Structures are given as structure tokens and as C-alpha cells.
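Residues per chain are reported as follows:
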Amino acid sequence: MAAKTKKTEVEEPVLVRATSKYVRVSPRKARLVADQVRGKHIDDARSLLEFSPRSVADDIAKVIESAAANAENNHDLIGDEMIVAEIRADEGPT
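As the structure is a computational prediction, the values presented were derived from the model and not from experiment. (Residues numbered from 1 in each chain as written. Predicted model: local features only at pLDDT ≥ 70, side-chain atom pairs only at ≥ 80, totals over all residues. Heavy atoms only, no water.)

### Things to note about the pattern of salt bridges
Right, so step 1: Scanning the entire structure with this criterion turns up 5 salt bridges.
Right, so step 2: One salt bridge in this structure joins Asp80 and Arg46, with 3.0 Å as the shortest N-O distance. Of the two residues, Asp80 sits in the segment after helix 3 (56–75) while Arg46 sits in helix 2 (residues 42–50), which places them 34 residues apart along the sequence.
Right, so step 3: On the accessibility criterion, Arg46 (25% relative accessible area) is partly exposed.
Right, so step 4: Glu86 is paired through a salt bridge with Arg88; the nearest N and O atoms lie 3.5 Å apart.
Right, so step 5: Among the charged side chains, a network of salt bridges with common partners joins Asp43, Arg46, Glu65 and Asp80. (Salt bridge = Lys/Arg side-chain N within 4 Å of Asp/Glu carboxyl O. Helix = DSSP H or I, 4+ residues; strand = E, 2+ residues; numbered from the N terminus. Buried < 20%, exposed > 50% of the residue type's maximum accessible area, 1.4 Å probe, protein only.)

Listed below in C-alpha cells is the structure:
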């Protein structure tokens, strides 16, 4: 006879999304900045993007700020406690 195991409830992290489309920059240049931000706390990402010499850093900063605003308004979370889990820079239409 199998023993009964007690299931423990583990909260899954809430995923908040924000997208930016049709940004006029090459994906390679955007990926260089996106790779630096991926996996960081939002405060660290903001400061890194603020002092980055690349122009695409402004566009990525806007998307991160949009995700923080989405977290606060749509999911009742604290936007300053987020971590950038995933960030992608793909090609657009040619």
C-alpha cells in the first residue's frame, strides 16, 4: 500500500510582460544591452541602462518601466521588487 504524501503549496512567480515593437535598431546591438540586463534586479537594471553609452538602452529602459507599471496596475504587485527574468531582441519586418 502506498504511503500518503502531504502536498505543500508553492506560489509560482507572477510573470509580467511588456513589449516594444518596430524599434529601429539592429537586433545584434539590442542583444548586447539585453544580455547585460537579463537576470538582474530592476534597480540594478535601471542604473545599468541609465549609464550605458548605447542608444538602444533608452528603448530597453522604457520597456522595463512599462513592465513595472504593468505589475503595479494589472497584477497588484510592487514594481520595484521585480527581476528581469527574460528579455529578447528579435528581428522585425524587413
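### Quick word on the environment of Arg31
Right, so step 1: Inspection of the secondary structure puts Arg31 in helix 1 (residues 27–37).
Right, so step 2: Sequence separation of Arg31 and Ile87 is 56 residues, and the distance between their C-alpha atoms is 8.8 Å.

### A short note on the nonpolar core
Right, so step 1: Counting 18 residues, the largest nonpolar core has Val33, Val37, Leu49, Ile60, Ile64, Met82 and Val84 as its most contacted members.
Right, so step 2: Only helix 1, helix 2 and helix 3 provide two or more residues apiece to this core.
Right, so step 3: A per-element tally of this core places helix 3 first, with 7 residues.
Right, so step 4: Excluding its chain neighbours within four sequence positions, the residues that come into contact with Val37 are Ala45, Leu48, Leu49, Ile64 and Val84. (Core = buried A, V, L, I, M, F, W, Y, C linked by side-chain atoms within 4.5 Å. Contact = heavy atoms within 4.5 Å.)

### Concerning the confidence of the model for the chain
Right, so step 1: Across the chain, pLDDT averages 91, with 93% of residues at or above 70.
Right, so step 2: Taking the mean pLDDT of every element in the chain, the minimum, 95, falls on helix 3 and the maximum, 97, on helix 2. (pLDDT = per-residue confidence, 0-100.)

### Things to note about the environment of Ser55
Right, so step 1: Positionally, Ser55 belongs in the loop between helix 2 and helix 3.
Right, so step 2: Along the sequence, Ser55 and Lys29 sit 26 residues apart, while their C-alpha atoms lie 9.3 Å from each other.

### A look at the packing of helix 2 against helix 3
Right, so step 1: Direction vectors running N to C along helix 2 and helix 3 enclose 155°, while the axes themselves pass 9 Å from each other. The orientation of helix 2 relative to helix 3 falls into the category roughly antiparallel. Handedness of the helix 2/helix 3 crossing: left-handed. Facing Ile42, Ala45, Arg46 and Leu49 of helix 2, the residues of helix 3 in contact are Ala57, Ile60, Ala61, Ile64, Glu65 and Ala68. (Axes fitted to C-alpha atoms, helices over the stretch in contact; angles between N-to-C directions. Parallel < 35°, antiparallel > 145°, perpendicular 65-115°, else oblique. Left-handed = near helix turned anticlockwise from the far one by under 90°.)

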